[in-house]
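# Descriptive structure summary
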Amino acid sequence: SPDRCPDLCDEYATRDSRVRGIHQPNRGSAAAVIEGVRVSHGCYIGFVDSDDRIDPGMFADMMAEVWKQHADIVQCGLRRFGSASSSDLATPLETLVYQDGAVRLELVPQLLTFFQYDNPVILPARWNKVFQRDLLVRNIGYCDTRIRLGGSPKYNVTSSLDASKVVCLNRCYYNYRVHEASMTQSSKKGLWPQNRLLFAAIARACSDKAEGLEQYAYRYFNYMTLLTIIDYGKTPKSYTELLSAVRTVLRDNPAADSMR
């Protein structure tokens, strides 16, 4: 970081023994997350992005649900803020519990097809959840550090495939900031190669852990392919250049057979 963030992290570490400052060359958020998981000591891990907020008591309440349900993963709802279209997501009418076979047969398919729902109950984001640490450590091998955009599904899918119980709370605790300058809202240079890497990681996890789920990895990739094409329209291009770029994406698509 070019500002005082490294100094501030070290300052907090001197105040509270639970805080550790980790300094490494900037290799993207994926490498930072993996390093954080590796050096962590707790039994459960949660993530908060730097421009978001969480409600007081979020992790206390979610950990209470962990102990009550003996859950491997607990998800809460999220609240969008910072734009005119703020809304709540992933808040079912009642708390949902997915256990054993239902995790693979119901929850993981929903993770990979969340875009098919107006108000999805399950989100592939990593930051509105707490994970049993062992699940993340066990699946670090699927987390390609070259994936810098939209990488959350690789944590959720791989960890969920190894989970015995996942609980989805019907309460919003996580506040997700929406603004035009964010990575998720602005045009994303190199999105197509990133999508291919992400698809490869998810498809490999599905193939290794749950035969038959690859079809949902293809559906997710087709969704990301559409986002790539839309993203091309955000940058100035001639019609010929745009058409050529779209054709390249459609031709160079490992999920092409599933789109027919």
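Here is what the cut-offs are and how they apply
- Residues numbered from 1 in each chain as written.
- Predicted model: local features only at pLDDT ≥ 70, side-chain atom pairs only at ≥ 80, totals over all residues.
- Heavy atoms only, no water.
- Helix = DSSP H or I, 4+ residues; strand = E, 2+ residues; numbered from the N terminus.
- Expected span 1.5 Å × (residues − 1).
- Buried < 20%, exposed > 50% of the residue type's maximum accessible area, 1.4 Å probe, protein only.
- Arc of directions from axis to C-beta.
- Contact = heavy atoms within 4.5 Å.
- Patch = residues over 30% accessible without salt bridge, like charges linked within 9 Å, V, L, I, M, F, W, Y side chains within 5 Å.
- Areas by Shrake-Rupley, 256 points an atom, 1.4 Å probe, with all protein chains shown as cover.
- Salt bridge = Lys/Arg side-chain N within 4 Å of Asp/Glu carboxyl O.
- Disulfide = S-S within 2.5 Å.

### Comments concerning helix 9 (residues 239-251)
Look at helix 9: 18 Å from first C-alpha to last across 13 residues, which is about the 18 Å you get at 1.5 Å a residue. Inspection of helix 9 places Ala245, Val246 and Val249 among the buried residues, and these make up the whole buried set. The arc that holds every buried residue of helix 9, seen down its axis, measures 95°, which confines them to one face. When the buried face of helix 9 is taken as reference, the exposed residues oriented beyond 90 degrees from it are Thr240, Arg247 and Arg251. In this structure, the buried residues of helix 9 make contact with helix 7 (191-209) and helix 8 (214-232).

### Notes on a nonpolar patch on the surface
A surface patch of nonpolar side chains, about 250 Å² in accessible area, is lined by Leu8, Tyr12 and Val19. With respect to the element layout, valine 19 can be found in the loop between helix 1 (5-15) and helix 2 (29-39).

### With respect to the state of the cysteines
All told, the structure shown has 0 disulfides when counted by the stated rule. With no disulfide of its own, cysteine 9 lies closest to cysteine 5 among cysteine sulfurs, the gap being 6.3 Å. For cysteine 9, a relative accessible area of 38% puts it in the partly exposed group. Free cysteine cysteine 172: the closest other cysteine sulfur is in cysteine 76, separated by 7.3 Å.

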